[in-house]
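Inside the fold
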Amino acid sequence: MKLLLDTANLEDIKYFNTYYPIVGVTTNPSILAHEGGDVLELLKNIRSIIGPDKELHVQVVETEYDRIIEEAHAIVKFLGKNTFVKIPATGVGLKVTSHLSDMGIGVTVTAVLSAGQALLAANAGAHYVAPYVSRLENLCDDGVGVISDIAEILSTGYSTEILAASFKTAKEVLDVALVGAHASTISASVLRNLLAHTTTDTSIAGFAADWKNAFGEHTLLELIKG
Ligand code: G3P
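All values derive from a computational prediction rather than experimental measurement.

Cut-offs used in this document
- Residues numbered from 1 in each chain as written.
- Predicted model: local features only at pLDDT ≥ 70, side-chain atom pairs only at ≥ 80, totals over all residues.
- Heavy atoms only, no water.
- Buried < 20%, exposed > 50% of the residue type's maximum accessible area, 1.4 Å probe, protein only.
- Helix = DSSP H or I, 4+ residues; strand = E, 2+ residues; numbered from the N terminus.
- Pairing = 2+ DSSP bridges.
- Near = heavy atom within 4 Å.
- Polar contact = N/O pair within 3.5 Å; in protein donor to acceptor, adjacent residues only side chain to side chain.
- Nonpolar A, V, L, I, M, F, W, Y, C, P; charged D, E, K, R; others polar.
- 1 Å grid on protein atoms, 1.4 Å probe; cavity = no way out; pocket = protein on both sides within 12 Å on 5 of 7 lines; lining within 4 Å.
- Points joined across faces, edges and corners; volume = space filled by probe spheres on them.
- Patch = residues over 30% accessible without salt bridge, like charges linked within 9 Å, V, L, I, M, F, W, Y side chains within 5 Å.
- Areas by Shrake-Rupley, 256 points an atom, 1.4 Å probe, with all protein chains shown as cover.
- Salt bridge = Lys/Arg side-chain N within 4 Å of Asp/Glu carboxyl O.
- Contact = heavy atoms within 4.5 Å.

This brings us to the pairing of strand β5 (residues 107-112). A regular strand places its side chains on the two faces of the sheet in alternate fashion. With 5 of 6 residues buried, β5 is to be regarded as a mostly interior element. Sheet topology places strand β4 (residues 83-88) next to β5; 4 bridges connect them, and they run parallel. Residue pairing for β5: Val85 is matched across the bridge by Val107. Note that β5 and strand β6 (residues 128-131) share 3 bridges and pair parallel.

Here it is, written out as structure tokens:
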């Protein structure tokens, strides 16, 4: 399962893009609003940090068909290749998705809360569908079960991939990986929690202490190089 970073915070993007195996960054209007300032400069900076080969997902804010199409083309022209246009799962969104997919523009149908919405988005030609796992779980619904249903539907012959989104815990990320999500987009804090383990930290500290007790300040590299 591919991993993406769900933020527009430049410091977090720099850090995780340097050290973690992420394939891209996702944003939405709320995420961009959280950072504030010059939104065009922000998006350009994100593209500059991740480079031209990683995915950048940007959501439209227009609501009328013609304006969404115009906005989608402008977003892709502005941010270059490997930019995916996020289109909310609505009636007009499905029509936009069909048109943009026919034009060769990658569409992520977003704010997906049901397998039915994902089925429609896949038939409209979406590259990704983005189901909101935590927002479902938070309403006593089965977010992971919805991902599982979508994975089964898509396995019947669609090229559409699941980009699971809206995570509050690292456990949810593992759960959707186990039921067939193709990708997940994760906040910085949840991504940190995927790696964090106190026993890893104490193990590493133990290795360092044992080495120092036996070999002092020498490193293995120094000894090999002579
Ligand atoms: O990409 C946005 C989606 O992940 C929603 O996340 O945390 O606002 O439910 P959240």
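Looking at the ligand, the residues that line it are Asp6, Asn28, Lys86, Tyr132, Arg135, Ala165, Ser166 and Lys168. Asp6 is positioned with one of its side-chain polar atoms (N or O) 2.7 Å from an oxygen atom of the ligand. Within the side chain of Lys86, an N or O atom sits 3.5 Å from an oxygen atom of the ligand. Of the residues contributing to the shell around the ligand, the split by class is 2 nonpolar, 2 polar and 4 charged.

This paragraph deals with the layout of surface pockets. Roughly 430 Å³ of internal volume is contained in the largest pocket. Taken together, 25 residues form the lining of the largest pocket, with Asp6, Asn28, Ile31, Arg135 and Ser166 sitting closest to its centre. The set of elements that each furnish at least two residues to the lining of the largest pocket consists of α2 (29-35) and β8 (183-186). The residue makeup of the lining of the largest pocket, split by class, is 9 nonpolar, 10 polar and 6 charged. Space inside the second largest pocket adds up to approximately 240 Å³.

Together, Leu220, Leu223 and Ile224 give the surface a local cluster of nonpolar side chains, amounting to about 320 Å² of exposed area. Summarising the element assignment, Ile224 is placed in helix α12 (residues 220-225).

Tracing the backbone through its elements, the reader meets Lys54 in the loop between α3 (39-50) and β3 (55-59). Looking at Lys54, the relative accessible area reads 21%, which means it is partly exposed. Considered as a pair, Lys54 and Leu4 are 50 residues apart in the sequence and their alpha carbons are 9.5 Å apart. When sequence neighbours within four positions are dropped, the list of residues in contact with Lys54 reads Asn17, Ile22, Val23, Gly24, Arg47 and Asn82. Of the polar contacts made by the side chain of Lys54, one reaches the backbone oxygen of Ile22; its length is 3.2 Å.

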